Amino acid sequence: MIIGGAMRSEKVWPLIGHLTYQIRDLRSKTYRKVTNVSEGAKTAKTIIIRQRSAKLRAAAIAYYKRLNGGKLLCSVTNWSAPNIPLKGEIIELHHLKALAGHPVKGTTMSMNEAIKMLRPVSPNIHRMLHSKPGGGSYSIKEFVALTANKKRARI
Ligand SMILES: [Zn+2]
């Protein structure tokens, strides 16, 4: 794959530039020396997770669907999953208050309060909300201000 000098500019084509570098790396002597890698072996680990309420999840999905004529829309982009057979709900629920900020025993609140603390977001947006450099998450308002979604967002 040969890419002209002008197209190699990372300012203009950052993705193509990145791919070009990846291809160069794969051709390097370092990668040619490595002939085998192990991927996919089973292992076990113990993790502590925050409990999630299935009742809250179902109620929030129903609430946000009712607001939009039966469709669950991303609060940032208005995206909804395509109308094709899919296993489960693709839109995810984001906590406006990070779960890590709750006490160890969790927080008890009314269903209405709990639903108001959730927002439906697409998986890509959700990932980016939780990818704030330095840790923590972007608030939806912060994220919208940083992106071109100001006109579409429902915040
Ligand atoms: Zn989240």
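Residues numbered from 1 in each chain as written. Predicted model: local features only at pLDDT ≥ 70, side-chain atom pairs only at ≥ 80, totals over all residues.

A separate point is the overall build of the protein chain. Across its full length, the protein chain carries 7 helices and 2 strands. Order of helices (α) and strands (β) in the protein chain, N terminus to C terminus: α-α-α-α-β-α-β-α-α. Expressed as a percentage of the 155 residues in the protein chain, the buried residues total 13%. Residue pairs in contact within the protein chain that sit at least 24 positions apart in sequence constitute 57% of those at least 6 positions apart. (Helix = DSSP H or I, 4+ residues; strand = E, 2+ residues; numbered from the N terminus. Buried ≥ 20, exposed ≤ 12 C-beta atoms within 10 Å, placed from the backbone. Contact = placed C-beta atoms within 7 Å.)

This next bit is on helix H4 (residues 54-67). Its 14 residues give H4 an end-to-end C-alpha distance of 20 Å, which sits within 8% of 20 Å, the value for a rise of 1.5 Å per residue. Among the residues trailing H4, Gly69 stands out with phi positive, at a value near 60°. (Expected span 1.5 Å × (residues − 1).)

What follows is about the nonpolar core. Counting 15 residues, the largest nonpolar core has Cys74, Val76, Val121, Ile125 and Phe143 as its most contacted members. Top contributing element to this core by residue count: helix H7 (residues 140-146), with 3 residues. With residues up to four places along the chain from it excluded, the contact list for Val121 reads Cys74, Ser75, Val76, Ile91, Glu92, His94, His126 and Leu129. (Core = buried A, V, L, I, M, F, W, Y, C linked by C-beta atoms within 7 Å.)

Our next topic: the confidence of the model for the protein chain. Taken as a whole, the protein chain shows an average pLDDT of 85; of its residues, 74% reach a score of 70 or greater. Within the model, pLDDT remains below 50 along residues 1-10, and this stretch shows 9 contacts once partners closer than five positions in the same chain are excluded. (pLDDT = per-residue confidence, 0-100.)

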